[in-house]
2 protein chains.
Amino acid sequence: MATITKVSPLAPAAFPKLPVIDGVRFATVEAGVRYQGRTDVMLAVLQPGTSVAGVFTRSATRAAPVLDCQEKIGGASDGPAAILVNSGNANAFTGHYGQASVAAVTQAVADVTGVAVERVFTSSTGVIGEPLAHDRILAQLDALNGALSGDAIEDAARAIMTTDTFPKGASAQVEIDGQTVSIAGIAKGSGMIAPDMATMLVYIFTDAKVEQSALQAMLSSQTDTSFNCITVDSDTSTSDSLLLCATGASGVDATGNTTFADALNGVMLDLAHQVVRDGEGATKFVEIRVTGATSDADAKVHGLAIANSPLIKTAVAGEDPNWGRVVMAIGKSGAAADRDKLSISFGDILVAENGWVSPTYSEDEAAAYMKGQELVIGVDLGLGDGRSTVWTCDLTHGYIEINADYRS
Amino acid sequence: MATITKVSPLAPAAFPKLPVIDGVRFATVEAGVRYQGRTDVMLAVLQPGTSVAGVFTRSATRAAPVLDCQEKIGGASDGPAAILVNSGNANAFTGHYGQASVAAVTQAVADVTGVAVERVFTSSTGVIGEPLAHDRILAQLDALNGALSGDAIEDAARAIMTTDTFPKGASAQVEIDGQTVSIAGIAKGSGMIAPDMATMLVYIFTDAKVEQSALQAMLSSQTDTSFNCITVDSDTSTSDSLLLCATGASGVDATGNTTFADALNGVMLDLAHQVVRDGEGATKFVEIRVTGATSDADAKVHGLAIANSPLIKTAVAGEDPNWGRVVMAIGKSGAAADRDKLSISFGDILVAENGWVSPTYSEDEAAAYMKGQELVIGVDLGLGDGRSTVWTCDLTHGYIEINADYRS
């Protein structure tokens, strides 16, 4: 891992104050899996009856803990559940040894916490291809179990970081039937971030009561417009996992409740944006709004073509309103476009329309806009009602430094 | 355009000695379209009966000259033909003005050279979205026509450069029926280079006689395994064009001749590799050999996923044998892969097999290999007979400097 200590200029001022979620307790520890002098393992234990939904990377080379989680999601929800995450080592592409590590860790967590092994979910994040020193984790399980606390979610957010420069958290509270329901989530992710394959490591907790299959449906649908709409570098991790846990401790059934769904969506978008704001080397946060496409799916293809274009990402880094490169990305995306119906804007500035530069366009005005830290690139295809919004960051020397100049 | 003057470390020692192709004459001029103090327009005039085949970008926002060429390819081949190329301005996304520029230039070339306008092909390369100052080109046409010479192909290669750091040429001579047939080609390209959409600007000439439809079939098929197998930055130009012109001046009919096809393939691969060697900021030339895939198409998907991965390209730049990132790219590509049947090698060094690091793997040995300037990444999927080879370069601070630090 690169030893980058400078916090992203796009980071929030501080970690947000997250509500305690009844029915979840956290503990963290310095197990020394790979990093020294920081916490690197977190354990969360969830009360009996908690519904657990998950989405995972679709990578064909996904890691052993991912495969194990996928097998377990959707099983019986009666008893308690547990989540154990280590940073520093991804336990990915480690063959049978990797499966053995997952088996050892999940069984040991089950033994120490009293959770059935079928309800123990694990994630590993860090270097690919090296065996996981799981004995170091096992040695800390008693200490972890003894330290569980409802108020330690920020510690958990810190323990799962790899090249992240800040811990990521978000929350929402909504009234349902006169009662307060809370949602709190944490995430890690900075590089190897690409959409359409689930996401980084994300854990979201709520005290709402939602039946598992309804929770899973809600999660899968919202992932498509949040985590699946961000990209840092077009590269997809072997370990991406998102778990959503509904403890039901509030006693409020939120199944099918749109207020709850909207609040959850807000938390997921907030965490997804924080991952982009911590994109390796990022200095600009870019929202790409595509409208007028023949379908939502086509709009997303255009949005991602723009968001993943190295030439656009470097132009943004250079504060260059290089709209010709936006035309290029739309052209190459493969989705429907008509050069002469296209319009492009930077913020409120109309740059191009009807197949050429707008008569009102001022290069000086656009160049001034590009100096901002939060940018919006708008594209209207002029073909239909399809729309999609995608988020990304710029491509800077910082990305090269993190991934080339240092030995990972 | 960035004013990068340092020649790529991967450049050939010198421009190659190219054979004169009977039936083609070249001229170049300083028209001052955008650049000052260098040639920026080239004219080639081809003898009557020359067959002209072409492949072009599939970009949905392709430039006016590309659309004009596509309409003309495959028409009558009786009379002479002409090719006019300017650098500095791509005449792309310039609306009706762009079409008017193409009409003005092609008609003026026809008037000056006596070539029918249906046989005048033009290309423009450079900035997107600015009107082409075509009057500057028209003003030089008499001078160009008066300076035509069979021995000026190197001058032509220089006149079409944009961010290129060296002119690109390649040739072959083969014996057919006891007679010598020659092929010579030139290319430009350095950034906005991605495959599957034809290529940069490339012009290849031969004195062989090949009927137009046969020439077109040969060109299209060979493009798939040469120019469509290279990538610098995954971004596809709006102006990519490749024209192949067979003058027939040797009197040798090479239609269906495999010796000729192989020689042409060698010239195309050589030019394609030179484009990668001049990739913006490139310091390493990387060949990615994928075998054992379920199909050739799947092998190419894997190869391009590896070649376009920013994490792999930065690892190569950092001389880091980070094979875990190769696993990641295979996993994300979408093509068939089985983690536990995969093997990966760097040069002759077997890195991983059977889903984990090879027992013979030495990190020191691999790190020493990565210090080389010419690298081979081998991937065997262990699934079938599908194979593909793809070429790319590394992603360095130089790419960011060219595309972000300078104003284009």
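Conventions adopted
- Residues numbered from 1 in each chain as written.
- Chains lettered and ligands numbered in written order.
- Predicted model: local features only at pLDDT ≥ 70, side-chain atom pairs only at ≥ 80, totals over all residues.
- Heavy atoms only, no water.
- UniProt positions renumbered as here; feature names shortened; annotations may be inferred.
- Contact = heavy atoms within 4.5 Å.
- Buried area = accessible area lost by both parts, 1.4 Å probe.
- Polar contact = N/O pair within 3.5 Å; in protein donor to acceptor, adjacent residues only side chain to side chain.
- Helix = DSSP H or I, 4+ residues; strand = E, 2+ residues; numbered from the N terminus.
- Nonpolar A, V, L, I, M, F, W, Y, C, P; charged D, E, K, R; others polar.
- Domains from an automatic or database assignment.
- pLDDT = per-residue confidence, 0-100.

- In the annotation of an unreviewed UniProt entry, chain A is listed under the name Arginine biosynthesis bifunctional protein ArgJ and assigned to Falsiruegeria mediterranea M17.
- What UniProt states about chain A under its Sequence similarities (unreviewed entry) heading is, verbatim, "Belongs to the ArgJ family."

## Details of the interface of chain A and chain B
Stage number 1. Between chain A and chain B, the residue contacts involve 61 residues of the former and 60 residues of the latter.
Stage number 2. Together, the buried faces of chain A and chain B total about 5100 Å²; carbon and sulfur atoms form 60% of this surface.
Stage number 3. Area buried by chain A at its contact with chain B is led by Phe93, Arg339 and Trp356 of chain A, which between them contribute 17% of it.
Stage number 4. Here chain A is connected to chain B by seven residue pairs in polar contact (both at pLDDT 80 or more).
Stage number 5. Going through the elements one at a time, α1 (64–72), α2 (95–113), α9 (310–317), α10 (323–332), α11 (363–370) and α12 (397–405) of chain A are the ones with two or more residues in the side of chain A that touches chain B.
Stage number 6. Take the side of chain A that touches chain B: its biggest share by element is eight residues, from α10 of chain A.
Stage number 7. Broken down by class, the residue content of the side of chain A that touches chain B amounts to 28 nonpolar, 20 polar and 13 charged.

## Considering the UniProt feature "binding site: substrate" (unreviewed entry) in chain A
Stage number 1. Summarizing the sequence annotation, UniProt attributes the feature "binding site: substrate" (unreviewed entry) to Thr162, Lys188, Thr199, Glu280, Asn403 and Ser408 of chain A in the numbering used throughout.
Stage number 2. Looking at the secondary structure, you find Glu280 of chain A in the loop between α7 (258–277) and β11 (285–293).

## A word on the domain arrangement of chain A
Stage number 1. For chain A, the domain assignment lists domain 1 (24–277) and domain 2 (285–405).
Stage number 2. Computed over C-alpha atoms only, the centres of domain 1 of chain A and domain 2 of chain A are separated by 33 Å.

## A look at the confidence of the model for chain A
Stage number 1. On average, residues of chain A carry a pLDDT of 86, and 92% of them reach 70 or more.
Stage number 2. Note that pLDDT drops below 50 for residues 195–199 of chain A; the model gives that stretch 28 contacts with residues more than four away or on any other chain.

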